[in-house]
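The chain contents come next:
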Amino acid sequence: MSKLTLKTEGDTHVVVTRHFAAPPEAVYRAHTDPALIQTWLLGPDGWTMPVCINEGKPGGKIRYEWSNGKGAKFHITGEILELKPYSKIVHVERMHLPAPMPDSHIETRFEADGAGTLMTMRMTLPDAKTRAAMLATGMEGGMEMSYVRLEGIL
Amino acid sequence: MHTSVNLDAAFTALADPTRRAILARLAKGEATVAQLTTPFDMSQPAISQHLKILEDARLIDRRVDGTKRPRRLASGGIEAMDQWLAILRKALEKNYDRLDEVLAAAHQPKKRGEKR
């Protein structure tokens, strides 16, 4: 059963929610501590994050680089706008493909939810077209896996 | 799975960012080739080529309106878009499932769980 919801809102927003069994402090840390980020923010199987910079302060820089070990690479850069331990992260980020895509503005909130945490990530894109491109790019990896799965079925 | 959409062709059609953007545009309402050239900053032949691939994959179809042939999402195409969102959801889920493990591992060594 899926604990995650993903929906578009208006023309430019994407809202993702997810419940975690750990308290907000732990989930917040997993989103701000580079050593922890590197262990989970990896996308599809086979990808790693060899470079993970998150300066962890307002005005600080973000740079995440992913590699599939077979020559494919991908990175994002960003800046942290606001940090409110352990409840809120506001940052901007952009994908580089390799030309930079428009900025996404992302507000991530962590609220106590029973013994765990409800995370709400609200992404705001400059326009509907950019949102469509962002959603599409985010699924490239998943699509790759689907192809593999299809090959197994056909 | 819907038999009206050839999944393999649909995935191939969806593998191109311009075609995904065209689908996203058509999700908001039908459009002619001419109407699509401006937002995508592409020539009519280039747009037509993309539309053909999308049509062959049965993600879109065309309506006859006098001399115009506006393209629109095929009903199966909308399901393919849903499927596409489901795939993105799956990629995100993968990340968060991993995070669950990271969080669980951080808690496990101290069984009583230290308070902060």
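For the structure, check the block above.
First, a word on what this report is: a plain description of the structure on this page. From a predicted model like this one, the values you see are computed outputs, not experimental measurements.

**So, helix α1 (residues 24-32) of chain A**
So, point 1. Along α1 of chain A, seven of the nine residues are buried, which leaves the element largely enclosed by surrounding structure.
So, point 2. Of all the residues in α1 of chain A, the buried ones are P24, A26, V27, Y28, A30, H31 and T32 of chain A.

**Considerations on unusual backbone geometry**
So, point 1. In this structure, the amide linkage connecting P85 of chain A to the following residue, Y86 of chain A, adopts the cis form with an omega of -10°.
So, point 2. Relative to the helices and strands, Y86 of chain A resides in the loop between β5 (73-84) and β6 (88-96).
So, point 3. In this structure, D41 of chain B takes a positive phi of about 50° despite not being glycine.
So, point 4. Here D41 of chain B shows up in the loop between α3 (33-40) and α4 (44-56).
So, point 5. Residue D41 of chain B is classed as exposed on the basis of its relative accessible area, which comes to 71%.
So, point 6. Even without being glycine, R58 of chain B reaches a positive phi, approximately 60°.

**Considerations on the sheet that holds strand β2 (residues 13-20) of chain A**
Sheets are built from strands paired through backbone hydrogen bonds, the pairs being either parallel or antiparallel.
Residues and elements named next belong to chain A.
So, point 1. On the basis of which strands lie adjacent, the open sheet formed by eight strands has the order β1-β2-β8-β7-β6-β5-β4-β3 and antiparallel pairing. Each of the sheet's edge strands pairs with one partner strand only, and the pair in question is β1 (5-9) and β3 (48-54). Mean inter-strand twist for the sheet, computed between neighbouring axes without regard to direction, equals 20°.
So, point 2. For β1 and β2, the ladder comprises five bridges, and the chain directions are antiparallel. Counted as the bridge partner of E9 is H13 from β2.
So, point 3. Its contacts with the sheet place α1 against β2, β3, β4 (61-67), β5, β6, β7 (104-113) and β8 (116-124), and it is angled at close to 155° to β7.

**A look at α3 of chain B**
Residue and element names in this part refer to chain B.
So, point 1. The set of residues buried in α3 consists of V33, L36, T37 and F40. Projected down its long axis, α3 shows its buried positions confined to an angular sector of 110°, all on one face.
So, point 2. The positive-phi residue at the C-terminal boundary of α3 is D41, with phi of around 50°.

Conventions used here
Residues numbered from 1 in each chain as written. Chains lettered and ligands numbered in written order. Predicted model: local features only at pLDDT ≥ 70, side-chain atom pairs only at ≥ 80, totals over all residues. Heavy atoms only, no water. Buried < 20%, exposed > 50% of the residue type's maximum accessible area, 1.4 Å probe, protein only. Helix = DSSP H or I, 4+ residues; strand = E, 2+ residues; numbered from the N terminus. Pairing = 2+ DSSP bridges. Axes fitted to C-alpha atoms, helices over the stretch in contact; angles between N-to-C directions. Contact = heavy atoms within 4.5 Å. Arc of directions from axis to C-beta.

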